[in-house]
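Listed below, chain by chain, are the residues.
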Number of protein chains: 2
Amino acid sequence: MKSQKVTGASIPSSRRRYEDACGAAHALDLVGERWALLVIRELLLGPKRFGDLKRDLAGISANVLTQRLEGLEAAGVLIRRRLPPPVPAQVYELTPWGYEAEPIFQTLGRWAARSPSHDPSLPLSAVSLLLSFRTMIDPVRAERLEMRVGLRVGNESYVVRLAGGAVEAERGEAAGADVIFTGPAPAIAAAVYGGVPLDALVAQGALKIEGDRFLAERFVTLFPLPPKVGAEG
Amino acid sequence: MKSQKVTGASIPSSRRRYEDACGAAHALDLVGERWALLVIRELLLGPKRFGDLKRDLAGISANVLTQRLEGLEAAGVLIRRRLPPPVPAQVYELTPWGYEAEPIFQTLGRWAARSPSHDPSLPLSAVSLLLSFRTMIDPVRAERLEMRVGLRVGNESYVVRLAGGAVEAERGEAAGADVIFTGPAPAIAAAVYGGVPLDALVAQGALKIEGDRFLAERFVTLFPLPPKVGAEG
DNA sequence: CGGCATCCGGGAAGATACTG
DNA sequence: CAGTATCTTCCCGGATGCCG
């Protein structure tokens with residue numbers, strides 16, 4: 001029978017769509033299903049394989065991930081690409097338009113960071129952390145500050161460059177940076193957003209810091225969280 | 001039995017939450033359920049009653065609307081307020097923080113407007129139309145253009161003010177504006193976003209135009225849709 | 001192991017009818 | 001008008017198993 005494959009590309013069935021010309025409503029038709037936006041988030045720093053996505057999206061199940069990847073591919077948000085041999089792995093990569101979704105995460109994140117119920121001490125993926133640097137950088141505190149910060153999280157390596165009040169945060173080789181943090185993303189987040197002293201994190205073995213320790217101390221002060229609601233004004 | 005009422009404030013059960021410190025993930029915990037963002041959208045121009053929300057959110061059912069309103073109230077996004085007599089009606093109104101969600105709609109809308117599957121000819125609420133003016137205004141085409149445009153949609157009246165390339169769009173009295181459109185929101189959208197000539201809409205009775213007809217023709221050219229993907233730059 | 005299908009249980013969404 | 005009660009349908013999440 002060879003199983004005929006009639007799954008239908010998992011575009012939301014027409015009954016399940018908002019029949020609404022509003023752009024935001026159509027965005028929700030495309031990426032409003034559970035996990036869809038977080039799948040995009042995990043790809044914003046570059047292509048990933050199925051297993052990496054499953055690992056970094058703690059709690060997603062394989063079948064849902066498959067459905068979301070199908071739906072997002074059908075919507076034109078990402079493409080499935082087969083890497084050439086040496087390692088003929090399959091990866092999922094955002095289309096140029098898919099990459100343009102990043103401002104959605106910035107406005108969502110900035111807004112929700114003010115929620116009384118937001119808990120920055122929850123687990124966090126490396127991509128989320130790097131994207132949060134792009135969103136939360138304080139240009140005033142960062143102006144006339146130049147540094148390259150390397151991050152080693154799991155098997156991946158990332159670089160944050162500060163220059164002229166602007167920030168770049170992307171995948172890249174950490175070696176040669178002014179300071180290098182090695183450890184899980186939540187430990188780095190604890191220093192940057194939780195106010196946990198670097199000494200403490202190093203002492204308990206959660207974090208390793210190489211290079212300019214003074215720059216490291218500066219770095220973790222550059223990303224202030226907005227005031228929670230209720231503390232207006 | 002009097003039915004015991006244990007509805008529970010409808011904050012997503014913990015199994016259903018992303019346990020993720022990422023701000024965007026938390027935003028989805030708060031407003032990621034179906035219809036939640038559209039409920040917020042309908043309140044961005046001011047308070048509404050239950051029935052108005054149900055009418056303007058075509059397709060929502062009463063029980064889902066009730067659940068969303070409960071959840072959004074529990075999240076601190078909106079409050080339920082009882083108007084004082086003459087008409088002691090109940091209305092739902094965004095909190096100050098709820099109003100701060102508007103940029104979410106702008107980034108979502110701008111992004112999705114480029115989707116190949118976006119269809120601007122679908123039905124549209126009056127609020128969506130007004131918000132789209134804030135999002136889609138072309139400051140270049142609007143610069144050195146000053147006008148007040150009144151919109152009468154259903155029983156509500158709205159005003160769009162253009163000055164110095166900036167736009168204001170809000171509830172307000174249409175009388176006295178330079179030009180006044182009267183008709184359903186989709187008809188106005190057809191002129192602005194669908195390129196349908198005003199003559200045609202007036203001729204078929206979909207739209208009434210009072211005041212400066214020349215300004216009306218200018219107005220409908222001020223909100224260009226971004227290029228669809230595939231027609232890249 | 002990566003990718004995908006299948007079956008199942010629970011729960012959220014949708015439709016309809018009903019109540020104060 | 002502003003919701004509630006109830007029933008059905010569908011989606012989500014987990015487990016398992018197949019195939020390369």
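A. Expanded view of the relation of the copies chain A and chain B. The transformation that overlays chain A on chain B combines an axial shift of 0.0 Å with a rotation of 180°, and the residual RMSD is 0.0 Å. What we have between these two chains is a two-fold relation. Considering only C-alpha atoms, the residue of chain A closest to the rotation axis is Ile104 of chain A, which sits at 3.2 Å. A high fraction, 98%, of the interface residues of chain A reappear at the interface in chain B, so the copies pair face to face through one surface.

B. Fine view of the domain arrangement of chain A. All names here are of chain A. Each domain of chain A was delimited in the assignment, giving domain 1 (2-100) and domain 2 (117-219). Centre-to-centre separation of domain 1 and domain 2, based on C-alpha positions: 28 Å. Opposite the 8 residues of domain 1 that make contact, domain 2 presents 10 residues. Taking both sides of the interface into account, the surface hidden between domain 1 and domain 2 amounts to around 700 Å²; carbon and sulfur atoms contribute 61%. When the area that domain 1 buries against domain 2 is broken down by residue, the three leading residues are Arg41, Glu42 and Leu45, summing to 72%. One can count 0 salt bridges joining domain 1 with domain 2. At the junction of domain 1 with domain 2, the criterion picks out 3 residue pairs in polar contact (both at pLDDT 80 or more).

C. Structural view of the nonpolar core. Ranked by size, the top nonpolar core spans 153 residues in total, and within it Trp111, Phe181 and Phe219 of chain A together with Trp111, Phe181 and Phe219 of chain B carry the most contacts. Each residue touching Phe219 of chain A, except ones within four places of it in the same chain, is listed here: Phe133, Met147, Val149, Val160, Leu162 and Phe181 of chain A.

D. Layout of the packing of helix α2 (residues 36-43) of chain A against helix α4 (residues 62-75) of chain A. Residues and elements named next belong to chain A. Taken N-terminus to C-terminus, the directions of α2 and α4 make an angle of 75°; their axes are 10 Å apart at the nearest point. Relative to α4, the element α2 is oriented roughly perpendicular. Packed against α2, whose contacting residues are Ala36, Val39 and Ile40, the element α4 presents Leu65, Arg68, Leu69 and Leu72 at the interface. In terms of residue class, the contact of α2 with α4 is made up of 6 nonpolar, no polar and 1 charged.

E. Fine view of the interface of chain A and chain B. The partner chain B presents 46 residues to the 47 residues of chain A that form the contact. Approximately 4300 Å² of surface area, both sides summed, lies buried where chain A meets chain B, with 67% of it carried by carbon and sulfur atoms. On the chain A side of the interface with chain B, the three residues burying the most area are Tyr18, Trp97 and Trp111 of chain A, jointly 20% of the side's total. Where Glu100 of chain A meets Arg114 of chain B, a salt bridge forms, and the shortest distance between an N and an O atom there is 2.6 Å. Of all elements in the fold, only α1 (23-31), α2, α5 (96-99) and α6 (102-112) of chain A reach the threshold of two or more residues within the side of chain A that touches chain B.

F. Expanded view of the pattern of salt bridges. Enumeration according to the criterion identifies 32 salt bridges over all chains in this entry. For Glu170 of chain A, the salt bridge is made with Arg161 of chain A, and the minimal N-O distance between the two is 2.9 Å. A relative accessible area of 30% places Glu170 of chain A in the partly exposed class. Taking the shortest distance from any N to any O, the salt bridge between Lys48 of chain B and Glu42 of chain B comes out at 2.7 Å. Each of the two residues, Lys48 of chain B as well as Glu42 of chain B, counts as buried. Each of the salt bridges in this network shares a partner with another, and the network as a whole consists of Asp20 of chain A together with Arg41, Glu42, Lys48, Asp52, Arg55 and Asp56 of chain B.

G. Representation of unusual backbone geometry in the model. If you check the backbone angles, Trp35 of chain A has positive phi at about 80° while not being a glycine. Topologically, Trp35 of chain A is positioned in the loop between α1 and α2. Of note in the backbone geometry, Arg144 of chain B takes a positive phi value of approximately 50° without being a glycine.

H. Summary view of the protein's contact with DNA strand C. Within the structure, DNA strand C sits among 22 residues, and Phe50 and Arg80 of chain A together with Arg34, Asn63 and Arg68 of chain B are positioned closest to it. Considering the 4 Å shell around the protein, atoms of DNA strand C inside it are sugar or phosphate in 86% of instances. Note that a phosphate oxygen of DNA strand C is positioned 3.3 Å from one of the backbone N or O atoms of Gln90 of chain A. Arg34 of chain B places a polar side-chain atom, nitrogen or oxygen, 2.3 Å from a phosphate oxygen of DNA strand C. At the level of secondary structure, the elements contributing two or more residues to the surface near DNA strand C comprise α3 (50-56), α4 and β2 (90-94) of chain A together with α4 (62-75) of chain B. Per-element accounting of the surface near DNA strand C gives the leading share, 4 residues, to α4 of chain B. Residues of the surface near DNA strand C, tallied by class, amount to 4 nonpolar, 8 polar and 10 charged.

I. Broad picture of the environment of Glu70 of chain B. Structurally, Glu70 of chain B is set in helix α4. It is 9.2 Å that separates the C-alpha atoms of Glu70 of chain B and Arg80 of chain B, two residues lying 10 residues apart in sequence.

J. Up close: the packing of helix α6 (residues 102-112) of chain B against helix α7 (residues 126-136) of chain B. Residues and elements named next belong to chain B. Orientation of α6 relative to α7, taken along the N-to-C sense of each, is 75°, at an axis distance of 10 Å. When the interaxial angle is binned, α6 and α7 end up roughly perpendicular. Between α6, through Glu102, Gln106, Gly109 and Arg110, and α7, the contact on the second element is made entirely by Leu131, Arg134, Thr135 and Met136.

K. Broad picture of the sheet that holds strand β7 (residues 208-211) of chain A. Residues and elements named next belong to chain A. Across the sheet, which stays open at both edges, the 5 strands sit in the order β5-β4-β3-β6-β7 with mixed pairing between neighbours. Both outer strands of the open sheet, β5 (166-171) and β7, are each paired with one neighbouring strand and no more. For this sheet, the mean inter-axis angle between neighbouring strands, taken without regard to orientation, is 15°. Pairing of strand β6 (residues 179-182) with β7 involves 4 bridges; the strand directions are antiparallel. Considered in β7, the bridge of Val179 is made with Gly211.

L. Geometry of the sheet that holds strand β3 (residues 147-153) of chain B. All names here are of chain B. Read across the sheet, 5 strands follow the order β5-β4-β3-β6-β7 without closing on themselves; strand pairing throughout is mixed. Of all strands in the sheet, those with a lone pairing partner are β5 (166-171) and β7 (208-211), marking the two edges. Pairs of neighbouring strands in the sheet enclose a mean axial angle of 15°, with direction left out of account. Of the pairings in the sheet, the one linking β3 to strand β4 (residues 156-163) comprises 7 bridges and is antiparallel in character. Looking at β4, one finds that Val153 is bridged to Glu156. Here α7 sits on the sheet and contacts β3, β4 and β5; the angle it forms with β5, its principal contact strand, is near 165°.

Conventions adopted
Residues numbered from 1 in each chain as written. Chains lettered and ligands numbered in written order. Predicted model: local features only at pLDDT ≥ 70, side-chain atom pairs only at ≥ 80, totals over all residues. Heavy atoms only, no water. Least-squares fit on C-alpha atoms with pLDDT ≥ 70 in both. Contact = heavy atoms within 4.5 Å. Domains from an automatic or database assignment. Buried area = accessible area lost by both parts, 1.4 Å probe. Salt bridge = Lys/Arg side-chain N within 4 Å of Asp/Glu carboxyl O. Polar contact = N/O pair within 3.5 Å; in protein donor to acceptor, adjacent residues only side chain to side chain. Core = buried A, V, L, I, M, F, W, Y, C linked by side-chain atoms within 4.5 Å. Buried < 20%, exposed > 50% of the residue type's maximum accessible area, 1.4 Å probe, protein only. Axes fitted to C-alpha atoms, helices over the stretch in contact; angles between N-to-C directions. Helix = DSSP H or I, 4+ residues; strand = E, 2+ residues; numbered from the N terminus. Parallel < 35°, antiparallel > 145°, perpendicular 65-115°, else oblique. Nonpolar A, V, L, I, M, F, W, Y, C, P; charged D, E, K, R; others polar. Near = heavy atom within 4 Å. Pairing = 2+ DSSP bridges.

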